[in-house]
Amino acid sequence: MAYDFETVIDRTSKNSAKWTLMKRITGLDDLIPLWVADMDFPSCFEVIEALKRRADHGVFGYTLEPESYYRAVIDWMKRRHGWKIRRGWMLSTPGVVPSLNLALLAYSQPGDRVIIQPPVYYPFKESILKVRRRVAENPLILDGDRYTMDFDQLEKLIDGRTRLIILCSPHNPVARVWFKEELEPLVEICLRHNIIILSDEIHHDLILKGNRHIPTASLSKEADSITVTFTSATKTFNLAGLGCSLVIASDKQLRDRYRSTLQSIWTGIANALSAVATETAYRYGESWLEQVLEYVQGNYDFLVSHLAERLPEARVFPLEGTYLAWVDLRSLGMSDEELKQRILRRGRVWFDDGPMFGTGGEGFQRINLACPRRTLNKALEAMVQVLR
Ligand SMILES: Cc1ncc(COP(=O)(O)O)c(C=O)c1O
């Protein structure tokens, strides 16, 4: 079946955060919103039908995930990522960000240090600070056209109070899909210093052609023994409003520590709809996903050629993974405030400002490409008008 990603769907009537928060956050209500990471596309047909069937039952009392749900996850990980996981390694949670927060509580004490590699998904830093741990920054380095991890700096950064690293793999916002050769030294350093890797792999399925996602835990036995993986079908299949995720740890000690923290907040009950959606997506959604990836690739190519022609000062980074383009506007010589003033206030386009993602984000904008091409075109045209 061929899916339609061209139709512009009105999401304002459904309280979409992306579309309806604009007034509250920016004070403006007529923006083209290409900020938060969800898609303006409907999820796949099979998921929609399965949710309708479940809704028709009419009873939404306390629910558990069926074993078939876990089976679908196991099959998906093996088929798409070559990662063999077991049922007993998985813990069900209501979202990746809350799951990461719980991991901070499970594996560290107030005052301990947690490494992040900015520019990176901003809730990492906020979560660490909220639970009174300290942030240790190992900024990515820009090596030509590609961001890489700074292993020398990482080694120097680690001290006796450093317990954890939050790895973003693939990396939002710089759209990197880490190579095996990059993950291996990271694991080696973490092993040597007793650092637990919290591997946020929510973007694992959003991999553009020529790239391959490698689950950190799948690298080796040693990697597996220090990695806790955070995953979900919500980013892949546009189900974020259903709130659903999994924490995967093969190491029993790590898993038990996580489980007891999870139990302390009494979240043992599944969301009656999200397990249905995830299982169905993993069983029947592959063709939809392939088509989305092709469409996102088309949007990316469109972005690159549009800006090359109309705003050649803009530098667009290769999109290896995610549907979020990372655009460098530094050569325009404008401050972040001026960029915001022009793009948001004059252009009426809402991208995520680079500085939100921390060190190294200054002068950049993150553009969500999961929208109909004509929406993207309108946004880019408006952006070009106010920046040229
Ligand atoms: C790296 C990363 N982790 C987590 C999330 C959000 O996860 P959840 O909605 O399950 O809390 C996002 C959303 O953009 C993300 O980019």
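Along each chain, residue indices are assigned from 1 in the same order as the chain's sequence is written. Reporting of local features is limited, given that this is a predicted model, to residues whose pLDDT is at least 70; pairs of side-chain atoms are given and counted only at 80 or more, and all residues count toward the totals for whole chains, interfaces and linings.

Considerations on the overall build of the protein chain
- Comment: elements are numbered from the N terminus, with helices defined as DSSP H or I runs of at least four residues and strands as E runs of at least two. A count of helices and strands for the protein chain gives 14 helices and 15 strands.
- Here the protein chain has a C-alpha radius of gyration of 21 Å; the compact-globule value for 388 residues is 21 Å, and the two agree.
- The burial tally for the protein chain puts 46% of its 388 residues in the buried class.
- Expressed as a percentage of contacts within the protein chain between residues at least 6 apart in sequence, the contacts between residues at least 24 apart total 75%. Based on C-alpha atoms, the radius of gyration is set beside the globule rule, defined as 2.2 Å times the residue count to the power 0.38. Comment: burial labels come from other C-beta atoms within 10 Å of the residue's own C-beta, placed from the backbone, where a count of 20 or more is buried, 12 or fewer is exposed, and between is partly exposed. The contact rule is simple: place each C-beta atom from the backbone, and if two of them lie within 7 Å, those residues are in contact.

A short note on helix α5 (residues 96–107)
- A helix's residues, less one, multiplied by 1.5 Å, set its expected span. Between its first and last C-alpha atoms α5 spans 16 Å; for 12 residues at 1.5 Å apiece the expected length is 16 Å, and the two agree.
- Where α5 is concerned, the buried positions are Val 96, Ser 99, Leu 100, Leu 102, Ala 103, Leu 104, Ala 106 and Tyr 107.

Section: the environment of Ala 308
- With respect to the secondary-structure elements, Ala 308 resides in helix α12 (residues 286–310).
- A count of 12 C-beta atoms within 10 Å places Ala 308 in the exposed class.
- Put simply, Ala 308 and Arg 255 are 53 residues apart on the chain and 48 Å apart in space, counted from C-alpha to C-alpha.

Quick word on the sheet that holds strand β4 (residues 134–137)
- Ordered in space as β2-β10-β9-β8-β7-β3-β4, the seven strands form an open sheet in which the pairing is mixed. Two strands bound the open sheet, and with one partner strand each, they are β2 (90–93) and β4. Adjacent strand axes in the sheet meet at a mean angle of 25°, parallel and antiparallel pairs treated alike.
- In the sheet, β2 pairs with strand β10 (residues 245–248) via four bridges, with the strands oriented antiparallel. Across the sheet, residue Thr 93 finds its bridge partner in β10, namely Ser 245.
- Interaxial angle, 0 to 180 degrees, is taken between N-to-C directions of lines fitted to C-alpha atoms, where a helix line uses only the stretch in contact. In this fold α5 packs onto β2, β3 (113–116), β7 (162–168), β8 (196–200), β9 (227–231) and β10, with an angle of close to 175° to the strand it touches most, β8. What makes two strands pair is DSSP finding at least two bridges between them.

Quick look at the site of the ligand
- Not every one of the 13 residues close to the ligand is listed here, only the nearest: Ala 37, Gly 95, Val 96, Val 97 and Tyr 121.
- The class makeup of the residues in the shell around the ligand is seven nonpolar, five polar and one charged. Residue proximity rests on one test: whether the C-beta atom, placed from the backbone, lies within 6 Å of the molecule or strand. The nonpolar class holds Ala, Val, Leu, Ile, Met, Phe, Trp, Tyr, Cys and Pro. Asp, Glu, Lys and Arg form the charged class, and all remaining residues, Gly among them, are polar.

Focus on the packing of helix α13 (residues 336–346) against helix α14 (residues 373–387)
- Where α13 meets α14, the axes come as close as 9 Å, and the angle between the chain directions of the two elements is 135°. It follows that α13 is oblique to α14 by the angle criterion. In this structure, α13 crosses over α14, and the sense of that crossing is right-handed. Taken together, the residues of α14 that come into contact with α13 (itself represented by Arg 342, Ile 343 and Arg 346) are Met 383, Val 386 and Leu 387.
- Residues belonging to the contact of α13 with α14 are distributed by class as follows: four nonpolar, no polar and two charged. Oblique is the label for every angle not falling under 35 degrees (roughly parallel), over 145 degrees (roughly antiparallel), or within 65 to 115 degrees (roughly perpendicular). By definition, any crossing whose near helix is turned counterclockwise from its far helix by less than a right angle is left-handed, and any crossing with a clockwise turn is right-handed.

Section: the nonpolar core
- Structurally, a nonpolar core is described as a collection of buried Ala, Val, Leu, Ile, Met, Phe, Trp, Tyr and Cys residues joined by way of C-beta atoms within 7 Å. Ile 166, Leu 198, Ala 325, Val 349 and Leu 369 are the most contacted members of the largest nonpolar core, which has 117 residues in total.
- Residue ranges assigned to the domains are those given by an automatic or database domain assignment. Of the residues that make up this core, three or more belong to each of domain 1 (12–44 + 286–387) and domain 2 (60–283).
- Leaving out residues up to four positions away in the same chain, Val 349 has contacts with Leu 31, Ile 32, Leu 34, Ile 343, Leu 344, Ala 379, Ala 382 and Met 383.

Re the pairing of β4
- Pairing geometry for β3 and β4, over four bridges, is parallel. Bridge pairing in β4 places Ile 115 opposite Ala 136.
- Tracing the backbone out of β3, into helix α6 (residues 123–130) and back to the parallel element β4 gives a crossover that is right-handed. Here is how to tell: hold the view so the strands point away, follow the path from the first strand over the helix to the second, and if it runs clockwise the crossover is right-handed.

Considerations on the confidence of the model for the protein chain
- Mean pLDDT for the protein chain: 97, with 100% of residues reaching 70 or above.
- What pLDDT conveys is the predictor's confidence in a given residue, as a value from 0 to 100. Confidence, read as mean pLDDT per element, is least for helix α2 (residues 22–26) in the protein chain (89) and greatest for β8 (99).

A word on the sheet that holds strand β15 (residues 364–368)
- The four strands are arranged β11-β12-β15-β14 in an open sheet whose pairing can be described as antiparallel. Of all the strands in the sheet, just β11 (315–316) and β14 (352–353) have a single pairing partner and so form its edges.

Looking at the domain arrangement of the protein chain
- When cut into domains, the protein chain gives domain 1 (12–44 + 286–387) and domain 2 (60–283).
- With centres defined by C-alpha atoms, the gap from domain 1 to domain 2 works out at 25 Å.
- Taken together, the 27 residues of domain 1 in the interface contact 31 residues of domain 2.
- The set of elements that each furnish at least two residues to the side of domain 1 that touches domain 2 consists of α12 and β12 (324–328).
- By residue class, the composition of the side of domain 1 that touches domain 2 is 15 nonpolar, nine polar and three charged.

Quick look at unusual backbone geometry
- Omega for the peptide link from Pro 118 to Pro 119 comes to 0°, which places this bond in the cis form.
- The omega torsion of the bond from Ser 169 to Pro 170 falls at -5°, within 30 degrees of zero and hence cis.
- Tracing the backbone shows Pro 170 in the loop between β7 and α8 (180–192).
- Of note, Trp 266 is a non-glycine position whose phi angle comes to about 55°, a positive value.
- Tracing the backbone shows Trp 266 in the loop between α10 (252–264) and α11 (274–284).
- Exposure remark for Trp 266: the 7 C-beta atoms within 10 Å place this residue in the exposed category.
- Not every positive phi belongs to a glycine, and Arg 348 is a case in point at roughly 60°.

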